[in-house]
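Residue-level structural notes
Letter by letter, the chains look like this.
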Amino acid sequence: DTEVTQTPKHLVMGMTNKKSLKCEQHMGHRAMYWYKQKAKKPPELMFVYSYEKLSINESVPSRFSPECPNSSLLNLHLHALQPEDSALYLCASSQDYWVIDEQFFGPGTRLTVL
Amino acid sequence: TQLLEQSPQFLSIQEGENLTVYCNSSSVFSSLQWYRQEPGEGPVLLVTVVTGGEVKKLKRLTFQFGDARKDSSLHITAAQPGDTGLYLCAGPSGANSKLTFGKGITLSVRP
């Protein structure tokens, strides 16, 4: 199983809502990532978890809150987002982090903030 | 942070044509990866090149890593509409070995 799954596929939320994005992988990977991607741009790294601990936060606003409940799951909690946060949010995983490895991406969640 | 420049930025060709696109840097990379991304989907890893001068083939796609490990090329033979997508190259850079992406090449293959 070389699949990274993400739910939901699409999400529309108001600026006062609280929602969560979910990501799951069963490849035994120990590193998981959140990226944000705007249309026709490359993915931008947001967070990296390595062995279930937050390793990197790319100065992401606190309205985005990541969580790694276990080695297979990664959540991104959203609160008080702005319209400019609308984007494709991608989850990825790799075997390890400190030894750079191929990253496998999920299909993404298309987020629209009204 | 090491930068990756991809060219051309956009390419529109007829089915059956051949094409070559590039990923260049002034810095040495320990490896480079190529991804293809379709609209609304996540990037799909096509190949990883590690050794300078390495050539890898994936059906009609041929990937080459430069001898100095500063650049890579992707050649597609007899392009098909299914090849349409955003092609991203990426490589580890910086103290934390974050994956740095190029800006991508948008390829459109017309039937």
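A short tour of the structure in this document, coming up. Predicted model, so just to flag it, every value in this text is computed and none were measured. Here the residue numbers are simple positions, counted from 1 along each chain's written sequence. Labels are handed out in written order, letters beginning with A for the chains and numbers beginning with 1 for the ligands. Restriction of local features to residues with pLDDT of at least 70 applies here, the model being predicted, together with a cutoff of 80 or more for giving and counting side-chain atom pairs; totals for whole chains, interfaces and linings are based on all residues. Water and hydrogen atoms play no part in the side-chain values, which are based on all heavy atoms of the structure.

1. A closer look at the sheet that holds strand S7 (residues 64–70) of chain A
All names here are of chain A. Rules: Each pair of strands is called paired provided DSSP finds at least two bridges between the two strands. Working definition: helices are DSSP H or I runs of at least four residues, strands are E runs of at least two. Numbering for both runs from the N terminus. The axes used here are C-alpha line fits, helices contributing only the stretch in contact, and every angle between their N-to-C directions lies in the interval 0 to 180 degrees.
Here we have four strands laid out as an open sheet, ordered S1-S3-S8-S7, and antiparallel in their pairing. Looking at strand neighbours, the two that pair on one side only are strand S1 (4–7) and S7, the edges of this open sheet. Put simply, the sheet's adjacent strands are angled 20° from each other on average, direction ignored. Here five bridges tie S7 to strand S8 (residues 73–79), and the two strands are oriented antiparallel to one another. Bridging across to S8, Glu67 finds its partner in Asn75.

2. Let's talk about the side chain of A:His29
Residue and element names in this part refer to chain A. The test is simple: Three exposure classes are used, based on accessible area relative to the maximum for each residue type with a 1.4 Å probe and protein chains only: buried under 20%, partly exposed in between, and exposed over 50%. Whenever a nitrogen or oxygen atom comes within 3.5 Å of another N or O atom, the pair is scored as a polar contact, on the condition that within protein one atom can donate a hydrogen and the other can accept it, and that pairs from neighbouring residues in sequence are kept only if both atoms are in side chains. What makes two residues a contact is simply this: any of their non-hydrogen atoms within 4.5 Å.
Relative to the helices and strands, His29 is located in the loop between strand S3 (18–25) and strand S4 (31–37). Judged by relative accessible area, His29 falls into the buried class, the value being 6%. One polar contact links His29 to Ser93, side chain to side chain, over a distance of 2.8 Å. Setting aside chain neighbours within four positions, we find His29 in contact with Ser71, Ser93, Ser94, Gln95 and Phe104.

3. Structural notes on the interface of chain A and chain B
Note the following rule: A 1.4 Å probe defines the accessible area here, and the buried area is the portion of it lost by two parts on being joined, summed over both. Salt bridge, as applied in this entry: a Lys or Arg side-chain nitrogen positioned within 4 Å of an Asp or Glu carboxyl oxygen.
Each side of the interface is counted separately: chain A has 22 residues, and chain B has 19 residues. In this assembly, chain A packs against chain B so that about 1700 Å² is buried in total across both faces, 59% of it on carbon and sulfur atoms. At the surface where chain A touches chain B, the tally comes to one salt bridge. Where B:Glu41 meets A:Lys9, a salt bridge forms, and the shortest distance between an N and an O atom there is 3.1 Å. Counting every contact that joins chain A to chain B gives five residue pairs in polar contact (both at pLDDT 80 or more).

4. Let's talk about the nonpolar core
Definition in use: Joining through side-chain atoms within 4.5 Å is the link that ties buried Ala, Val, Leu, Ile, Met, Phe, Trp, Tyr and Cys residues into a set, and such a set is a nonpolar core.
A:Trp34, A:Phe64, A:Leu76 and A:Leu78 are the most contacted members of the largest nonpolar core, which has 23 residues in total. Taken together, the elements giving at least two residues each to this core come down to strand S2 (10–13), S3, S4, strand S5 (44–50), S7, S8, strand S9 (87–94) and strand S11 (109–113) of chain A. Counting residues in each nonpolar core, the second largest holds 22 residues, with B:Trp34, B:Leu61, B:Ala79 and B:Tyr87 among its members.

5. Notes on the pattern of salt bridges
All names here are of chain B. In this structure the tally under the stated criterion is five salt bridges over all chains. Here Glu54 and Lys56 are joined by a salt bridge, their closest N and O atoms 3.7 Å apart. The exposure class assigned to Lys56 is partly exposed, which follows from its relative accessible area of 31%.

6. Examining the state of the cysteines
Selection criterion: When the sulfur atoms of two cysteines come within 2.5 Å, that pair is taken as a disulfide.
Tallying each qualifying case throughout the model produces two disulfides over all chains. There is a disulfide in this structure between A:Cys23 and A:Cys91, and the S-S distance comes to 1.9 Å. Judged by the torsion about the S-S bond (-70°), the A:Cys23/A:Cys91 disulfide is left-handed. With A:Cys23 in strand S3 and A:Cys91 in strand S9, this residue pair connects regions lying 68 residues apart in the sequence. Comparing A:Cys23 with A:Cys91 shows no difference in burial state: the two are buried. The partner cysteine of B:Cys23 in its disulfide is B:Cys89, sulfur to sulfur 2.0 Å. Disulfide B:Cys23 to B:Cys89: torsion about the S-S bond roughly 75°, handedness right-handed. With B:Cys23 in strand S3 (residues 19–24) and B:Cys89 in strand S9 (residues 85–93), this residue pair connects regions lying 66 residues apart in the sequence. Residue class for B:Cys89 comes out buried when judged on its relative accessible area of 0%. The thiol of A:Cys68 is not disulfide-bonded; the next cysteine sulfur, from A:Cys23, is found 9.2 Å away.

7. Some details on the sheet that holds strand S6 (residues 55–58) of chain B
All names here are of chain B. Within the open sheet, the five strands sit side by side as S1-S3-S8-S7-S6. Their pairing is antiparallel. Both outer strands of the open sheet, strand S1 (5–7) and S6, are each paired with one neighbouring strand and no more. The mean angle between the axes of side-by-side strands here comes to 15°, regardless of whether they run parallel or antiparallel. Strand direction decides the pairing type here: S6 and strand S7 (residues 61–65), joined by four bridges, are antiparallel. Note that in S7 the partner of Lys56 across the bridge is Phe63.

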